[in-house]
Amino acid sequence: MSKKPKRGAPAIDMTAMVDVAFLLLTFFILTTTRFREESKVEVDMPSSVSDIEIPDKGLCVITVDPDGKVFVGYLDIGTRETVLSRFVSEQNDRFEAGIAISEEGARYFSTLQEFGVAHKDMQKWLNAETELGTDDFPMEGISAVVTDSTNMTGNELKDWIRWGRIADQRMRFAIKGDVDTNYEMIAEVISSLQEWDVNQFSLITDLEEGGLVEIND
């Protein structure tokens, strides 16, 4: 009678399983972590007692610094790409000289949390046609007051509000101001929103827990 051959313990190659585990770990980190770009505008926000959480997406934040300079920021990268495309298209329709933004400049714009550059300086800024370079370009703020609409110096904030709503029809808006910001400047921002029937917006404040205040007209 023949003896049964001895069977050794089966060997399992764990290499593939380890790779899959790291891929899953990376996936969950990327999908559950909330990333925010570093803000370049410093404001000392007023305090309030509200604790409503700021949305993760679909939000346009209009920031007014202590000097009254206005900055605009879109939370969604896709929105940033769309508004820049609309800006270029409309400026080319409006002015014979036209403008062109490089691919590198467009990619840079899509990474920004906020910006404050006048229409007439956008091409120079994003194409880095300056010794300072794109990151160090001096931001003088976006006009929220009509001065001379025939010379690219009108209420440019209204343009960015309109382009934001075109990019995202359900976009929400929030205003973030400094405690020392002149109220008249905030009123100009609110007026610019209302020009496009945005009568519901938020005021971002500095709270014990962090949050914003809803404003409804």
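A quick note: this is a predicted structure, and the numbers were derived from the prediction, not measured.

1. Quick word on the overall build of the protein chain
Inference 1: When helices and strands are tallied, the protein chain shows six helices and five strands.
Inference 2: Each helix and strand of the protein chain, placed in order from N terminus to C terminus, yields the pattern α-β-β-α-α-α-α-β-α-β-β.
Inference 3: Among the 217 residues that make up the protein chain, the fraction classed as buried is 39%.
Inference 4: Accessible area for the protein chain stands at about 13,800 Å²; split by element, carbon and sulfur atoms hold 52% of it.

2. Section: helix H6 (residues 183-195)
Inference 1: Here H6 spans 18 Å end to end across 13 residues, near enough to the 18 Å set by a 1.5 Å rise per residue.
Inference 2: Regarding H6, the residues found buried are Met185, Ile186, Val189, Ile190, Ser192 and Leu193. Buried positions in H6, seen along its axis, are confined to an arc of 155 degrees and lie on one side of it. Counted as exposed and oriented over 90 degrees from the buried face of H6: Tyr183 and Glu184.
Inference 3: Check the buried side of H6 and you find it contacts strand E1 (59-64), strand E2 (70-74), helix H5 (156-167), strand E3 (172-177) and strand E4 (200-205).
Inference 4: Residue Asn182 occupies the N-cap position of H6, its side-chain oxygen lying 2.8 Å from the main-chain nitrogen of Glu184.
Inference 5: One or two positions beyond H6, positive phi appears at Asp197, with a value near 60 degrees.

3. What to know about the nonpolar core
Inference 1: With 38 residues, the main nonpolar core has Phe109, Phe115, Met122, Trp125, Leu157 and Trp160 as its most contacted residues.
Inference 2: At the level of secondary structure, the elements contributing two or more residues to this core comprise E1, E2, helix H2 (77-94), helix H3 (103-110), helix H4 (122-126), H5, E3 and H6.
Inference 3: For this core, the element with the highest residue contribution is H6, accounting for five residues.
Inference 4: Discounting residues that sit within four places of it in the chain, Leu157 has contacts with Ile62, Val70, Val72, Ile142, Ser143, Ala144, Val189 and Ser192.

4. Some words on the environment of Ala174
Inference 1: Within the fold, Ala174 resides in strand E3.
Inference 2: Since its relative accessible area comes to 1%, Ala174 is described here as buried.
Inference 3: Taking the C-alpha atoms as reference points, Ala174 and Thr63, 111 residues apart in sequence, are found 8.5 Å from one another.
Inference 4: Not counting the four nearest positions on each side in its chain, Ala174 is found in contact with Leu59, Cys60, Val61, Ile62, Ser202 and Ile204.

5. Re the packing of H2 against H3
Inference 1: Following both chains from N to C, one finds H2 and H3 inclined at 135 degrees, their axes separated by 8 Å at the closest point. By the angle class used here, H2 and H3 are oblique. For the element pair H2 and H3, the recorded crossing hand is right-handed. Where H2 approaches H3, its residues Ile77, Arg80, Glu81, Val83 and Leu84 are matched on the opposing element by Ala106, Phe109 and Ser110.
Inference 2: Here the residues of the contact of H2 with H3 sort into five nonpolar, one polar and two charged.

6. Overview of the confidence of the model for the protein chain
Inference 1: Chain-level statistics for the protein chain give a pLDDT mean of 78 and a share of 65% at 70 or above.
Inference 2: A low-confidence stretch, residues 30-36 stays under pLDDT 50, and its non-local contacts, those more than four residues away or across chains, total nine contacts.
Inference 3: Here residues 148-153 scores under 50 on pLDDT; set against residues more than four positions off or in separate chains, the count is 11 contacts.

7. Things to note about unusual backbone geometry
Inference 1: Look at Asp197: it is not a glycine, yet its phi comes out positive at around 60 degrees.
Inference 2: As for its placement among the helices and strands, Asp197 is situated in the loop between H6 and E4.
Inference 3: We classify Asp197 as exposed; its relative accessible area is 63%.

8. Focus on the side chain of Arg162
Inference 1: Mapped onto the elements, Arg162 comes out in helix H5.
Inference 2: Of note is the side chain of Arg162, whose polar atom sits 2.9 Å from the side chain of Glu90.

9. A few points about the packing of aromatic side chains
Within a pair of aromatic rings, the relevant descriptors are the distance that separates the centres and the angle that separates the planes.
Inference 1: Counted by the stated rule, this structure contains nine aromatic pairs.
Inference 2: Taken together, a centroid distance of 5.6 Å and an interplanar angle of 20 degrees make the contact between Phe87 and Trp160 stacked. With Phe87 in helix H2 and Trp160 in helix H5, this pair connects stretches of sequence that are 73 residues apart. There is no split in this pair, since Phe87 and Trp160 are both buried.
Inference 3: Aromatic pair Trp160 and Trp163: ring centres 4.9 Å apart, planes at 85 degrees, arrangement edge-to-face. Note that Trp160 and Trp163 are positioned in helix H5 at a spacing of three residues, about one turn of the helix.
Inference 4: Chaining the aromatic ring pairs together yields one cluster made of Phe87, Tyr108, Phe109, Phe115, Trp125, Trp160 and Trp163.

The rules behind these values
- Residues numbered from 1 in each chain as written.
- Predicted model: local features only at pLDDT ≥ 70, side-chain atom pairs only at ≥ 80, totals over all residues.
- Heavy atoms only, no water.
- Helix = DSSP H or I, 4+ residues; strand = E, 2+ residues; numbered from the N terminus.
- Buried < 20%, exposed > 50% of the residue type's maximum accessible area, 1.4 Å probe, protein only.
- Areas by Shrake-Rupley, 256 points an atom, 1.4 Å probe, with all protein chains shown as cover.
- Expected span 1.5 Å × (residues − 1).
- Arc of directions from axis to C-beta.
- Contact = heavy atoms within 4.5 Å.
- Polar contact = N/O pair within 3.5 Å; in protein donor to acceptor, adjacent residues only side chain to side chain.
- Core = buried A, V, L, I, M, F, W, Y, C linked by side-chain atoms within 4.5 Å.
- Axes fitted to C-alpha atoms, helices over the stretch in contact; angles between N-to-C directions.
- Parallel < 35°, antiparallel > 145°, perpendicular 65-115°, else oblique.
- Left-handed = near helix turned anticlockwise from the far one by under 90°.
- Nonpolar A, V, L, I, M, F, W, Y, C, P; charged D, E, K, R; others polar.
- pLDDT = per-residue confidence, 0-100.
- Phe/Tyr/Trp six-rings, centres within 6.5 Å; stacked < 30°, edge-to-face > 60°.

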